[in-house]
Amino acid sequence: MMNSAIANISLFDSLRARFAEISDSNPVLKPYIEKNFQNFLAKGFPTIKNEEWKYTDLQKILNRNYSLRSSSPTQSISPKAFLQNALHISFVNSAFNTDNLALSKNISIQPLSQTTQERLDKYFSIHQNALAQLNSAMAENALLITIKKNTHLQEPIIVTYTISPDSPCMVFPRLLVVMEENTSASFIESFSADGLHASLIVSSTEFYLQQNANLIHYLLQLDLQQSSHISHTAIFHEQKSNSSTTVFTGSGELVRNNLLIDLLSQYSETTLYGLYFGNKTSHIDNHTTVRHAVSNSLSNELYKGIINDEASAVFNGKIIVQPDAQKTNAFQSNKNILLSPNATVNAKPQLEIFANDVKCSHGATTGRLDEEALFYLRSRGIDKIQAQAILVKAFAHEIIENVHLPELQTYLAEHFQN
Amino acid sequence: MLVIDNIHARIGEKEILRGVTLEVKAGEVHAIMGPNGSGKSTLASVLAGREEYEITEGSILFNGKNIADMSPEDRAREGIFLAFQYPIEIPGVSTINFMKTAVNEVRKHRGLEPLDAPAFLQLMKEKMELVEISQSLLKRSLNEGFSGGEKKRNEIFQMAMLEPKLAILDETDSGLDIDALKIVANGVNKLRNKDNAIIVVTHYQRLLDYIVPDFVHVLYNGKIVKTGTKELALELEAKGYDWIKNEYNNVNA
Ligand SMILES: Nc1ncnc2c1ncn2[C@@H]1O[C@H](COP(=O)(O)OP(=O)(O)OP(=O)(O)O)[C@@H](O)[C@H]1O
Ligand SMILES: [Mg+2]
């Protein structure tokens, strides 16, 4: 019934109504989220007139009715074998579930509302873009994970987000991770939705890396079915911290990933990998920003895409080297393969370099599978379809081979076979 | 086995083969020689089924079947193998990982069961010994960083794995040192039997000392302009091609 109740009012009105409920029931967060919500309202949803959204039109998915209240899950989607381990946090429909976690005292997990005021000030002021602000306004049970000083986790922390509502819904998961000094940890975030409804996930994940923190992060968008996902991932680096983030996208009607790496202190290093596979009419948009704020930091980025059928992809990679960021090394590469004449890619590197002693390189290529290589394999008796699959797999391999978790690597190798 | 009748082939607007006629019977070795650019590799590609070449006239029968419209994979399954003059690099694909698919596709076509992993490894070991190639090379990305000789050896290794009925070796000898030439030629000879045939494209007599041809053809300007026995290769080695070009040009003047 709820569904029909919102059917005739605009998305804005229902967001307003839902926001009022959330802010009334969260007195601690109220002043913070209020500000974010006002900021969002002032800007509204981005349209294609916004340069950052030129090739990604949200209108189609925003013109639908979404339920903004949680429902209990209609199907249980059990996570893949490689996603099961002791440190498994699940987000189902609208809430995190942290029960039954075998937590050591080196990790703490708490609702964001229970943290200090100083931190709240910080966490609610970082986002500039409208959808991230909407996320922080609506994320009523945002979760804060802290990896305590000198902790080195062997096993990855797994966060699964599962959307299985009784009607199409819009959800706003928000996760914050603080890695204290001298820590290492890996995270797998995996998003899935059942195939019954086209929902919309607007998520945000932020990592705060203190000195000597080492993060390995995987974002998996492999089981979204016909749902859409707008994600925000931000990694803030303090001195000598390292991050590696890899996003794998192979499902969803519309996927937009905003990734921000902020190298705020010296001797930080970051690697950004992405592999996306678009088919049918899917649309996959990766916008990345690496900001070198101070000297002596390194970023290395490689995104690869395989686009089939009528699918479209966007890659926009921004590298900002600020005036003080001398001795910056920043490398970026984007390679796309089109498997069908109707597939499209818009790739754009964007360098904003304000320092003079820097090493930067970038390149973007879009092409078809190599005809010579196809002929070679076919001349050995391998049919065209299989030969294509072999070449696609080889293309994807350059990203997949960097996955340091063997089960995940095997799973991905099979998934991206075609 | 192979009957090529008056084949004309072009790429774009350019006619490269202008009426090649050639018959190869089971058990035979044919050498094709001829100046650079005369169309030898084009003929090899046309036989292997490269789609860029358009056949405008003539026919190719392989074991009685017209193969002109057959896909490259079907020709390979029927038993045609081309050892490329310039084997390409394929990053991320190792010889081992595509050969398993290839061998089983060819077996399926011949009505044989697919090989399981141990049987495949056994076959591979046998053939590796035949051409003296190392497993580490076969595990690397195809031809990436291979020396010229390693590339050619890898081609013959694949030939050994697929056991073709008709093997076309396009300048397999170029880039091989004397020892490697002997090894490769030896490997090829061991694969020879009364049921298969080989076309050797080469510029040099050297290889023909080891793989002794029954016939030697000279391809010039897209046509076979002279056919002889192995003595013709010796004569070419001594005299070059001018006399053949002159003969041809006089006749066609
Ligand atoms: N893709 C192509 N486009 C245009 N011309 C081509 C193409 N492939 C071959 N040719 C031309 O066709 C002619 C024959 O080439 P081919 O490679 O068959 O010669 P070849 O006899 O094998 O020479 P070589 O002894 O140097 O290997 C040459 O003039 C060549 O430039
Ligand atoms: Mg040639």
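Quantities reported herein were computed from a predicted structural model and do not represent experimental measurements.

A. Examining the pattern of salt bridges more closely. Considering all chains together, one arrives at 29 salt bridges over all chains under this definition. Of the charged contacts in the structure, one is a salt bridge between Glu21 of chain A and Arg18 of chain A, with a shortest N-O distance of 2.6 Å. Of the two residues, Glu21 of chain A and Arg18 of chain A both sit in helix α2 (residues 11-25), 3 residues apart, roughly one turn of that helix. For Glu21 of chain A, a relative accessible area of 34% corresponds to the partly exposed category. For Arg18 of chain A, a relative accessible area of 10% gives the class buried. Linking Glu73 of chain B and Arg378 of chain A is a salt bridge whose minimum nitrogen-to-oxygen distance equals 2.6 Å. Here Glu73 of chain B, found in helix α2 (residues 72-78), pairs with Arg378 of chain A, found in helix α7 (residues 371-378), and the two come from separate chains. For the pair formed by Glu73 of chain B and Arg378 of chain A, the shared burial category is buried. One salt-bridge network, in which partners are shared between bridges, spans Asp383 of chain A together with Asp74, Arg77, Glu105 and Lys108 of chain B.

B. Representation of the packing of helix α3 (residues 95-109) of chain B against helix α4 (residues 117-131) of chain B in the model. Residue and element names in this part refer to chain B. One can describe the packing of α3 onto α4 by two numbers: an axis separation of 11 Å at closest approach and a directional angle of 105 degrees. Classed by the angle they form, the pair α3 and α4 counts as roughly perpendicular. Contacts between α3 and α4 pair Ile96, Met99, Lys100 and Val103 from the former with Ala117, Phe120, Leu123 and Met124 from the latter. Here the residues of the contact of α3 with α4 are counted per class, giving 7 nonpolar, no polar and 1 charged.

C. Quick look at the sheet that holds strand β5 (residues 65-66) of chain B. Residue and element names in this part refer to chain B. The 4 strands are arranged β2-β1-β4-β5 in an open sheet whose pairing can be described as antiparallel. The open sheet terminates on both sides in strands that have one partner only, identified here as β2 (14-24) and β5. Bridge analysis of strand β4 (residues 54-62) against β5 gives 2 bridges, and the strand direction is antiparallel. The partner of Phe62 across the bridge, within β5, is Lys65. On top of the sheet, helix α1 (residues 40-48) reaches β1 (2-11), β2 and β4; it is set at about 70 degrees to β2, its chief contact.

D. Main features of unusual backbone geometry. Residues and elements named next belong to chain A. Although it is not a glycine, Gln225 adopts a positive phi angle of roughly 55 degrees. With respect to the secondary-structure elements, Gln225 resides in the loop between β10 (214-223) and β11 (228-237). The class for Gln225 is partly exposed, based on a relative accessible area of 42%. Although it is not a glycine, Tyr267 sits at a positive phi angle of roughly 60 degrees.

E. Focus on the domain arrangement of chain A. Residues and elements named next belong to chain A. Domain annotation of chain A identifies domain 1 (4-265) and domain 2 (370-418). In this structure, domain 1 and domain 2 have C-alpha centres spaced 32 Å apart. If you look at the interface, domain 1 gives 14 residues, while domain 2 gives 12 residues. Summed over both sides, the interface between domain 1 and domain 2 buries roughly 1,000 Å², with carbon and sulfur atoms accounting for 82% of that surface. A per-residue breakdown of the area domain 1 buries against domain 2 is headed by Phe82, Tyr218 and Phe248, which together make up 50% of the total. In this structure, the connection of domain 1 to domain 2 is made through 0 salt bridges. Linking domain 1 with domain 2 are 1 residue pair in polar contact (both at pLDDT 80 or more).

F. Highlighting the packing of α4 of chain B against helix α7 (residues 178-191) of chain B. All names here are of chain B. Between α4 and α7, whose axes approach to 7 Å, the crossing angle comes to 130 degrees. On the basis of their axis angle, the class for α4 and α7 is oblique. Here α4 contributes Lys127, Leu130 and Val131 to the contact with α7, which in turn contributes Ile183, Gly187, Lys190 and Leu191. Across the contact of α4 with α7, the residue classes break down as 4 nonpolar, 1 polar and 2 charged.

G. Summary view of the sheet that holds strand β8 (residues 184-193) of chain A. All names here are of chain A. Taking strand neighbours across the sheet as the criterion, the 10 strands line up as β2-β1-β5-β8-β10-β12-β14-β16-β18-β20 in an open arrangement whose pairing is mixed. A strand with exactly one partner marks an edge of an open sheet, and here the two such strands are β2 (95-97) and β20 (358-367). Each strand axis lies, on average, 10 degrees off the axis of its neighbour in the sheet, ignoring direction. The pairing of strand β12 (residues 242-249) with strand β14 (residues 269-278) spans 8 bridges and is parallel. Bridge pairing in β14 links Asn242 to Glu269. Helix α8 (residues 384-400) rests against β12, β14, β16 (298-307) and β18 (328-338) of the sheet, and its axis sits at about 155 degrees to β16. Across the sheet, helix α9 (residues 406-415) touches β8, β10 and β12, and the angle it forms with β10 is around 35 degrees.

H. Layout of the coordination of the magnesium ion (ligand 2). Distances from the magnesium ion (ligand 2) to its protein donors, Ser41 of chain B (OG) and Gln85 of chain B (OE1), fall at 2.0 to 2.1 Å. With Ser41 of chain B in helix α1 and Gln85 of chain B in the loop between β6 (80-83) and β7 (90-94), this residue pair connects regions lying 44 residues apart in the sequence.

I. Layout of the interface of chain B and chain A. Taken together, the contact pairs 30 residues of chain B with 16 residues of chain A. Summed over both partners, the interface of chain B with chain A buries about 2,000 Å², with 62% contributed by carbon and sulfur atoms. Three residues, Arg50, Glu73 and Ile88 of chain B, lead the burial of chain B against chain A; their summed loss comes to 26% of the area buried on that side. Here chain B is connected to chain A by 5 salt bridges. Salt-bridge contacts for Glu372 of chain A lead to Arg50 of chain B; the nearest nitrogen and oxygen are separated by 3.1 Å. At the surface where chain B touches chain A, the tally comes to 11 residue pairs in polar contact (both at pLDDT 80 or more). Going through the elements one at a time, α2, β6, β7, α3 and α6 (148-162) of chain B are the ones with two or more residues in the side of chain B that touches chain A. Ranked by residues supplied to the side of chain B that touches chain A, first place goes to α3 of chain B with 5 residues.

J. Examining the nonpolar core more closely. Membership of the largest hydrophobic core comes to 121 residues, with the highest contact counts inside it found for Phe248 of chain A together with Leu166 of chain B. Counting residues per element, this core draws most heavily on α8 of chain A, at 9 residues. Residues contacting Leu166 of chain B, with those up to four places away along its chain left out, are Met1, Leu2, Val24, Phe62, Gly79, Ile80, Phe81, Ala197, Ile198 and Ile199 of chain B. Ranked by size, the runner-up nonpolar core spans 48 residues in total, among them Ile107, Ile145, Leu215 and Tyr276 of chain A.

K. View of α7 of chain A. Residue and element names in this part refer to chain A. For α7, the buried fraction is high: 6 of the 8 residues fall into the buried class. Every buried residue belonging to α7 is among Ala373, Leu374, Phe375, Tyr376, Leu377 and Arg378, and all of these are buried. The N-cap of α7, judged by a side-chain oxygen 3.1 Å from the amide nitrogen of Glu372 a few residues on, is Asp370.

The rules behind these values
- The written sequence of each chain sets the order in which its residues are numbered from 1.
- Chains carry letters from A onward and ligands carry numbers from 1 onward, assigned in written order.
- Whole-chain, interface and lining totals are the exception, using all residues; otherwise, since this is a predicted model, local features are given only for residues with pLDDT of at least 70 and side-chain atom pairs are given and counted only at 80 or more.
- Only hydrogens and water are set aside; all other atoms, that is, all heavy atoms of the structure, feed into the side-chain values.
- Just to be clear on terms, a salt bridge is a Lys or Arg side-chain nitrogen sitting within 4 Å of an Asp or Glu carboxyl oxygen.
- To qualify as a helix, a DSSP run of H or I must reach at least 4 residues; to qualify as a strand, a run of E must reach at least 2; elements of each kind are numbered from the N terminus.
- The classification of residues rests on relative accessible area computed with a 1.4 Å probe and restricted to protein chains. Under 20% of the type maximum is buried, over 50% is exposed, and intermediate values are partly exposed.
- Only C-alpha atoms enter the line fits that serve as axes; for helices the fit covers just the stretch in contact. Angles between N-to-C directions range over 0 to 180 degrees.
- Should an angle fall under 35 degrees it is called roughly parallel, over 145 degrees roughly antiparallel, and 65 to 115 degrees roughly perpendicular, with every other angle called oblique.
- Note on definitions: a residue-residue contact is assigned when non-hydrogen atoms from the two residues lie within 4.5 Å.
- Put simply, Ala, Val, Leu, Ile, Met, Phe, Trp, Tyr, Cys and Pro go in the nonpolar bin, Asp, Glu, Lys and Arg in the charged bin, and everything else, Gly too, in the polar bin.
- At least two DSSP bridges between two strands are required for those strands to pair.
- Residue ranges for the domains trace back to a domain assignment, done automatically or taken from a database.
- Take the accessible area each of two parts loses on contact, using a 1.4 Å probe, and add the two losses: that sum is the buried area.
- In protein, a polar contact requires one atom able to donate a hydrogen and another able to accept it; more generally it is a pair of N or O atoms within 3.5 Å, and residues adjacent in sequence count only if both atoms are side-chain atoms.
- Each metal's donors are the N, O and S atoms found within 2.8 Å of it, except that Na, K and Ca use a 3.2 Å limit; water is left out, so coordination can look incomplete.
- Among the buried residues, those of types Ala, Val, Leu, Ile, Met, Phe, Trp, Tyr and Cys that are joined through side-chain atoms within 4.5 Å form a nonpolar core.

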